[in-house]
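# Summary of structural features
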Amino acid sequence: MAPDTGVTGGLPELTFEGLRDAMGGGANYLRVRTVLQPADGQGGKVYPPTYAGPESSGRRSEEARYHIEQRRQGGEEVLAAVLDSVASQANRAEEALLVAYADERIKVPLVVADFSDGGGSGDYDGVLGGWLTSLEASHRVADAVFRECKLDGVSFRESPVGRRVFSSTERDAADMYRYCPTVLVFGGASASKLDPLKIESAVVYQHRGHVDDATESPWTTDETEAVRDSRGTPLKYGTGKMSGLGLGNVTPSVASAPTGDEYTGIGGVTFDRAEQSTVIALNSIRKLRFPRHREATVEARTVVAALALASVVLRDAQGYALRSRCLLVPDGPPTVELVDAYGGVRGFAPVTPDAAVGVLERAAYAAAEAGLAWETEPVLLTPTKNLREAVRARKAYTADQDSVG
């Protein structure tokens with residue numbers, strides 16, 4: 001591995017040049033590891049996330065449980081409680097990127113469903129006024145929310161930008177890189193999701209307007225616009241649920257506990273050691289191809305790696321307030337290491353948020369200079385009438401509920 005020039009506390013800094021050399025073949029993995037303890041001190045109790053029971057169970061809500069695993073440590077089998085899931089940590093990393101974007105610390109391409117009213121607010125209350133971004137949508141740019149949006153009057157997926165984005169593959173990732181590079185870091189979907197629009201309880205009906213005009217949406221949440229049967233009953237669209245449209249929540253679950261029901265309690269846990277470990281697979285990023293921009297290949301891959309690193313560093317800088325009664329503090333700075341193809345490890349000084357942002361900026365600039373630049377302006381999508389009305393109805397319902405009592 002090529003040496004870095006900066007040195008901090010006896011360890012070199014991970015610079016743009018060092019990351020580019022690693023991305024060019026000098027390393028296969030970049031790992032960041034932090035040891036944690038409860039905020040109230042060693043031995044304090046914390047509460048892991050609670051999951052519904054197995055999907056095959058008829059009593060999922062009654063079988064709520066922690067995710068407990070058996071692992072080997074020091075040659076012995078120990079029980080380990082998962083304090084936060086991989087998907088949750090990815091969401092926190094995306095949120096950290098979005099907060100940095102809102103604070104104008106970073107500039108990254110975004111796809112946006114624009115629910116704003118032009119005055120800094122709108123039907124959706126997100127980090128950015130009225131905007132639901134690809135960093136918030138559970139399935140990123142592939143989320144059903146964006147499917148229910150238009151770009152310049154055309155369905156997003158059928159628009160020129162949408163066609164380029166959704167035709168992107170590992171073998172030609174240039175358009176995804178250009179318009180939504182975070183998908184190259186986090187992927188396009190997850191097994192479970194929480195709906196940021198909070199419209200999961202809306203009832204979905206067959207849309208009367210679609211019968212006469214196929215360009216109209218086939219569904220609506222407005223009962224007055226529903227197709228009705230001979231008795232005047234509004235007809236549901238499919239299951240009548242938002243989940244049938246790919247909208248709403250998908251509840252996470254875990255399988256049975258390793259040795260039976262004795263580990264399904266929800267009274268909190270204590271532990272000897274908690275560890276947050278993130279591995280950025282440089283060898284996986286190296287599979288990304290840019291055949292129309294061959295001169296920018298290493299630079300673009302370095303940007304993806306730098307974006308992943310920045311998301312991890314910015315996430316960790318936000319702290320570990322995972323949920324109520326699950327507050328963690330680091331034992332010390334994180335370890336940062338590059339791992340080569342044969343298991344050789346090279347350590348670096350902890351990467352600060354400013355340093356991570358700096359590496360990302362230099363990487364993006366180098367890729368642009370090599371001929372592959374990010375789209376500098378967000379892709380602003382217009383939600384369909386049905387989607388906007390579903391969000392408005394949910395917002396009005398929530399406001400009414402909040403005012404009770």
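A quick note: this is a predicted structure, and the numbers were derived from the prediction, not measured.

What follows concerns the side chain of Thr182. If you trace the backbone, Thr182 turns up in helix α6 (residues 182-186). The class of Thr182 is buried, set by a relative accessible area of 1%. Discounting residues that sit within four places of it in the chain, Thr182 has contacts with Leu97, Leu135, Gly187 and Leu307.

We now examine the packing of aromatic side chains. Enumeration according to the criterion identifies three aromatic pairs in this entry. Taken together, a centroid distance of 5.7 Å and an interplanar angle of 70° make the contact between Phe156 and Phe166 edge-to-face. Taken together, the positions of Phe156 in the loop between β9 (154-155) and α4 (160-166) and Phe166 in helix α4 put the pair 10 residues apart, joining distant regions of the chain. For Phe156, a relative accessible area of 0% translates into the label buried. Here Tyr177 and Phe290 contribute two aromatic rings whose centre-to-centre distance is 6.0 Å and whose plane-to-plane angle is 80°, an arrangement assigned as edge-to-face. A residue pair is termed long-range when its members are at least 10 positions apart, and Tyr177 in helix α5 (residues 174-179) and Phe290 in the loop between α8 (282-285) and α9 (297-317) qualify at 113 residues.

The phi torsion at Glu104 lies on the positive side, around 60°, for a residue other than glycine. As for its position among the elements, Glu104 is in the loop between α2 (86-102) and β6 (111-114). In this structure, Arg325 takes a positive phi of about 65° despite not being glycine. The topology assignment puts Arg325 in the loop between β14 (320-323) and β15 (326-330). Since its relative accessible area comes to 55%, Arg325 is described here as exposed.

Of all residues in the chain, 82% attain a pLDDT of 70 or more, and the chain-wide mean is 85. Mean pLDDT across the elements of the chain ranges from a minimum in strand β1 (residues 7-8), with 50, to a maximum in α5, with 98. Low pLDDT, under 50, characterises residues 397-405; the stretch is placed with zero contacts to residues that sit more than four places away or in other chains.

Rules of the game
Residues numbered from 1 in each chain as written. Predicted model: local features only at pLDDT ≥ 70, side-chain atom pairs only at ≥ 80, totals over all residues. Heavy atoms only, no water. Helix = DSSP H or I, 4+ residues; strand = E, 2+ residues; numbered from the N terminus. Buried < 20%, exposed > 50% of the residue type's maximum accessible area, 1.4 Å probe, protein only. Contact = heavy atoms within 4.5 Å. Phe/Tyr/Trp six-rings, centres within 6.5 Å; stacked < 30°, edge-to-face > 60°. pLDDT = per-residue confidence, 0-100.

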